[in-house]
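Single-letter residue listing:
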Amino acid sequence: MKAKIIITPKKAVLDPQGKVVENTLIHMGYQGVTGVHVGKYVEIDLAPGTDRETAKATLNEAAHKFLSNPVIEDYRLEIE
Amino acid sequence: MHFAVLQFPASNCDQDCVHAIRVLGHTADLVWHKEASLGNSDAVIVPGGFSYGDYLRCGAIARFSPVMQAVSEFAARGGLVLGICNGFQILCEAGLLPGALIRNRDLQFHCEQVFLKTGNRETPFTRQIPPAKLLRIPIAHGDGCYFADEQTLEQLQTGGQILWQYCDDAGELTDNSNPNGSLLNIAGICNASRNVAGLMPHPDRASETILGSDDGRWIFESMLHALAPGGP
């Protein structure tokens, strides 16, 4: 079992990395790019048989307290 | 007075802070991050560096060190805590100061002298700074862009919590004098009860004339004045 946490900068937060990547994509000729946001990806291995709902609650707490900073970042949690 | 200077893996300004306090004729000891007590310290400095290699986010891991629990309790009792550079980032991550420090807007590491305008002289960190004095202090950071939501910024302004702002040599808060894109040119703030402060510039690297500037002393002198018997 794996948990995947995708962390992105909040829309209101300056994202200079995203802007530079966006500009470069446009410069390279990729059409239709209207925004790029560079974030982080965290993959967590879970013990087999872990209860999905419990894992979700626990990891939501961990993501809120530690893996992301709610002042500047949003996150999305997926368990598979 | 006796200062506790925290030491995390990859702190690198810890010795500078100890030296700066000793130069002022006071005592300071390093406190390893695994310690659960600050001993009999009168004040705490969270120094600069790259605690835990800046993994995940600057300061995100250091804030869970045992010593930070002691710092939180010390701050809750009204103790003076100053975070410098990475120390500022750690205090924000710990929730002891509002907002967050993000990557500099130009993605460059900045290592240079800046000028700081003091916004509020009625705090234990600023009271000894002479009126109208601009502080010339170095910065050295890659993640020093101060961010907070609008509501928090408003609270900082109305509460007199913006202690230092980047300015030019005439004291103007210009965009050119803002090295990292910080909102409102913020270089340093304090909490609502004014006993916890953090700033990105390094007063510890500007505490002796041999270093090119001793303007940083005013910040430590202010803390010492606040701690002195009969002080405010």
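Everything numeric here is computed off the predicted structure, so don't read it as measured data. (Residues numbered from 1 in each chain as written. Chains lettered and ligands numbered in written order. Predicted model: local features only at pLDDT ≥ 70, side-chain atom pairs only at ≥ 80, totals over all residues. Heavy atoms only, no water.)

Chemist: Looking at this structure, how should I read the packing of aromatic side chains?
Modeler: Here a ring pair, both rings aromatic, is described through the centre-centre distance and the interplanar angle of the planes. This model, assessed by the stated rule, comprises two aromatic pairs over all chains. With a centroid separation of 5.4 Å and 90 degrees between ring planes, the pair formed by A:Phe66 and B:Phe64 is classed as edge-to-face. Residue A:Phe66 is found in helix α2 (residues 52-67), and its partner B:Phe64 is found in the loop between β3 (43-46) and α2 (66-76); the two belong to separate chains. For A:Phe66, a relative accessible area of 26% gives the class partly exposed. Ring geometry for B:Phe88 against B:Tyr146: centres 6.2 Å apart, planes inclined by 5 degrees, an arrangement best described as stacked. Of this pair, B:Phe88 sits in helix α3 (residues 86-93) while B:Tyr146 sits in strand β8 (residues 145-147), placing them 58 residues apart in sequence. Assigned by exposure class, B:Phe88 and B:Tyr146 land together as buried. In this arrangement the basic side chain of B:Arg63 is found over the ring face of B:Phe64, its NZ or CZ atom lying 4.3 Å from the centre. (Phe/Tyr/Trp six-rings, centres within 6.5 Å; stacked < 30°, edge-to-face > 60°. Helix = DSSP H or I, 4+ residues; strand = E, 2+ residues; numbered from the N terminus. Buried < 20%, exposed > 50% of the residue type's maximum accessible area, 1.4 Å probe, protein only. Lys NZ or Arg CZ within 6 Å of the ring centre and 35° of its normal.)

Chemist: Would you take a moment to explain the interface of chain B and chain A for this structure?
Modeler: One frequently used descriptor of interface size is the decrease in accessible area upon assembly of the parts. Each side of the interface is counted separately: chain B has 16 residues, and chain A has 15 residues. For the pair chain B and chain A, the summed buried area comes to about 1300 Å², and 73% of that belongs to carbon and sulfur atoms. Run the count over chain B and chain A and you get one salt bridge. Put simply, chain B and chain A have four residue pairs in polar contact (both at pLDDT 80 or more) between them. Of all the secondary-structure elements, those providing two or more residues to the side of chain B that touches chain A are β5 (100-102) and β8 of chain B. When grouped by side-chain class, the residues that make up the side of chain B that touches chain A number nine nonpolar, two polar and five charged. (Contact = heavy atoms within 4.5 Å. Buried area = accessible area lost by both parts, 1.4 Å probe. Salt bridge = Lys/Arg side-chain N within 4 Å of Asp/Glu carboxyl O. Polar contact = N/O pair within 3.5 Å; in protein donor to acceptor, adjacent residues only side chain to side chain. Nonpolar A, V, L, I, M, F, W, Y, C, P; charged D, E, K, R; others polar.)

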